[in-house]
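Secondary and tertiary structure notes
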Amino acid sequence: MEIVLPDGSVKEVEQGASVADVAASIGSGLAQAALAGIVNGGPVDLDAEVQQGDTVAIVTSKSPDALDLLRHSAAHIMACALEDLYPGVEFGIGPAIENGFYYDIRLDKNLGPEDLEKVEARMAEIVAAAQPFERHLLTREEARELFASKGQALKCELIDELPEGEPITAYTTGDFTDLCRGPHIPDTSKLGAFKLTKLAGAYWKGDSDRDMLQRIYGTAFFKKKDLEAHLHNLEEAEKRDHRKLGRELGIYMMDPAAGAGLPLYLPKGARIIRTLQEWLRRDLYARGYEEVITPHIYNADVWKTSGHYDFYHDNMYFFQINEGDDESPRLFEYAVKPMNCPGHVLLYKNDIHSYRDLPLRYFEFGTVYRHEMSGVVHGLLRARGFTQDDAHVFCRRDQVVDEVVAILDLVDHIMGTFGFDYTAEISTRPAKSIGTDDMWEYATLALKEACAAHKLKHEINEGDGAFYGPKIDIKVKDAIGRTWQCSTVQVDFNFPERFDLTYRTDENTEERPWMLHRAIFGSIERFLGILIEHYAGALPLWLAPVQVAVLPLADRHIEACTALADRIAQAGGRVEVFDQNEPMRVKIAKAQGRKIPYMLVLGDKEVEAGTVSVRERHQGDLGTWEPQKIIDEIKSAHLG
């Protein structure tokens, strides 16, 4: 029979041939490297039979989905080890996830770090034994009887939830059998390198009314060097954790009294945020934007018009106000804004607009509030209260491409300033959407043309756009290779329709404007968290909350240090004098710990000569400078 290979070529194989046979027929090297197959677009095990006309690809360690395959198999190997070591353990789910895998288990014993070492050792034995992954096709009754006999109540619950008629498969590794769709690596020896990384708690199916299970996290790679690199990055990430550095550097704090996910900024944090905003504000004015300010709360009717009342209600904070009196109460419902869009739309609607007025670009540093689940709140990266560098562009259809190009120019300027490499993802029309085919096609093509104009690498995320329009998401890569989603450009067909927005055309008719949402930082809180981790707290000179620490060698030098600090401050620098009665090594260590870019030391020699001894936080001793030189350094770093 004939099958089709990924390059379109046709290959003849024996009737009843498996994916492994196909790999062997291509070459012995591929047969050795083969892990699984993709037949007609679906993943299968190596021993799966192929049929006449099938399209067959061989999965090796270099294939895009190979790591997920390996990590899913590693979760099974870990479960096999757990069952050997802790008889009676019950298993929930054990998927591959980004950067690793986990398994949720129910066990009377609370596992600790020493248990992870035991599990790892047993896993190594299973890997060395090269135990095969054997697939079994079961009826619903057979599956339920099998897992009930093993005391696996959680698995029985999963079986009961499977749709009628859906094939049920299980995989056996050694003495362990798991309910699983597959596929898997051929045998355990293919697991090249692995590490169990942490323990956590997790509610069964994410439901806080259900049992709390123990979740064991791990990661796996084909090569030991890749695992070592990953573990190094994890260590780096821990050192760079913005929650830890934010506290140590006096940038922000969280207090349970204020509420989860609501950051409070200390003076240094407020300085950083205001510096970011002032820098961007000047740039936006130069690019033709106009700043607006909108309320933090709106009457619920606004959110009913926008659609948020129906579709976003659970993520919003609603409250009632009595605008009457005790005898004749008049209750009105309000909501704290989760986004700034309706305010900008109301501002547009306030006036009559001509085609000559467009594009109209409104921007705002608007603080919004969203009721995120407590389990996902994470420092500045996922907060309930945050500020967006939000803007909305109202334009004509023929202006869309130019406006998106201009927004990407701004993205490039911002990300380039911080040294971020970035890529883009264009999300296209989902199954359920509003707007005509023509509008979607035009908008999607506009986003693609804008990316092409910038030679911006982008992927297409089919069907993942919002129901009201396609979008571009910008993903930046930080200093240790992690990817973060930041900027967004979104076409919106919904708001102009819901709020009945119009403009007068050159033919004196009424048309709907096109509306673009855009945020470059995204959430300023999130962007700050990313910056702290990217720079490991050592923010660039222009953004550092304190740029210079002036260190007197002795108390008699404090007066000269204060005068120097005043001179730097008058020139626009941010400076502190370390006038505590402490040894110089302690003062330098403090300044280093606070990530201050420059330290200026004054003793008798410097005071007499009118110079300063300079230390830079990374380079160390830079020798003797004239005071004006440090002022010039600060001014040259200023981005205003």
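Each remark here, short or long, concerns the structure printed above.
Below, the structure is looked at part by part.

We now examine the pairing of strand E8 (residues 100-106). Among the seven residues in E8, six count as buried, and that is most of the element. Here strand E6 (residues 90-91) pairs with E8 via two bridges, running antiparallel. Looking at the pairing, glutamate 90 lines up with arginine 106 of E8. For strand E7 (residues 96-97) and E8, the ladder comprises two bridges, and the chain directions are antiparallel. Bridged to alanine 96 within E8 is phenylalanine 101. The antiparallel hairpin formed by E7 and E8 contains two residues in its connecting segment, where asparagine 99 sits at a positive phi of about 70 degrees. Sheet analysis places E8 next to strand E13 (residues 212-221), joined by five bridges and oriented antiparallel.

The next point concerns the pattern of salt bridges. Throughout the structure, instances matching the rule amount to 37 salt bridges. Here aspartate 211 ties to arginine 106 by a salt bridge, and the two come within 2.2 Å at their closest N and O atoms. With aspartate 211 in the loop between strand E12 (193-203) and E13 and arginine 106 in strand E8, this residue pair connects regions lying 105 residues apart in the sequence. Here glutamate 248 makes a salt bridge to lysine 244, at a shortest N to O gap of 3.3 Å. Of the two residues, glutamate 248 and lysine 244 are both situated in helix H8 (residues 242-248); the distance of four residues between them amounts to about one turn of the helix. Residues joined in a network through salt bridges with shared partners are Glu157, Glu161, Lys205 and Arg210.

On to the packing of helix H17 (residues 558-570) against helix H20 (residues 627-637), then. Where H17 contacts H20, the axes come no closer than 10 Å and their chain directions differ by 35 degrees. Handedness of the H17/H20 crossing: right-handed. Where H17 abuts H20, its residues Leu564, Arg567 and Ile568 lie against Pro627, Gln628, Ile630, Ile631 and Ile634. A class-by-class count of the residues in the contact of H17 with H20 yields six nonpolar, one polar and one charged.

Quick look at the sheet that holds strand E22 (residues 421-427) now. In spatial order, the strands read E16-E20-E21-E28-E25-E24-E22-E23; together these eight strands make up an open sheet with mixed pairing. Two strands close off the open sheet at either side, each with one partner strand: strand E16 (290-291) and strand E23 (458-461). Sheet topology note: the strand E20 (residues 360-369)/strand E21 (residues 385-395) ladder contains ten bridges and is antiparallel. Along E21, the bridge assignment pairs valine 368 with phenylalanine 386. With respect to the sheet, helix H9 (residues 267-286) is in contact with E16, E20, E21 and strand E28 (514-523), its orientation differing from that of E20 by roughly 160 degrees.

This brings us to H20. All buried positions along H20 are accounted for by Pro627, Ile630, Ile631, Ile634 and Ala637. The buried residues of H20 occupy one face: seen down the axis, they fall within an arc of 130 degrees. Where H20 is buried, its residues contact strand E29 (548-552), H17, strand E31 (598-602) and strand E33 (620-625).

Note that tryptophan 279 resides in helix H9. Judged by its relative accessible area of 5%, tryptophan 279 falls in the buried class. Expressed as a C-alpha distance, the spacing of tryptophan 279 and alanine 128, which sit 151 residues apart in the sequence, is 58 Å.

We now examine unusual backbone geometry. Going from glycine 182 to proline 183, the amide bond is cis rather than trans, its omega being -5 degrees. Note on placement: proline 183 falls in the loop between strand E11 (176-179) and E12. Of note in this structure, asparagine 99 is not a glycine but carries a positive phi near 70 degrees. Inspection of the secondary structure puts asparagine 99 in the loop between E7 and E8. Residues other than glycine seldom take positive phi values, yet lysine 455 does so here, at roughly 50 degrees. In this structure, lysine 455 sits in the loop between helix H14 (437-453) and E23. A relative accessible area of 75% means that lysine 455 is categorised as exposed.

Basis of the calculations
Residues numbered from 1 in each chain as written. Predicted model: local features only at pLDDT ≥ 70, side-chain atom pairs only at ≥ 80, totals over all residues. Heavy atoms only, no water. Buried < 20%, exposed > 50% of the residue type's maximum accessible area, 1.4 Å probe, protein only. Helix = DSSP H or I, 4+ residues; strand = E, 2+ residues; numbered from the N terminus. Pairing = 2+ DSSP bridges. Salt bridge = Lys/Arg side-chain N within 4 Å of Asp/Glu carboxyl O. Axes fitted to C-alpha atoms, helices over the stretch in contact; angles between N-to-C directions. Left-handed = near helix turned anticlockwise from the far one by under 90°. Contact = heavy atoms within 4.5 Å. Nonpolar A, V, L, I, M, F, W, Y, C, P; charged D, E, K, R; others polar. Arc of directions from axis to C-beta.

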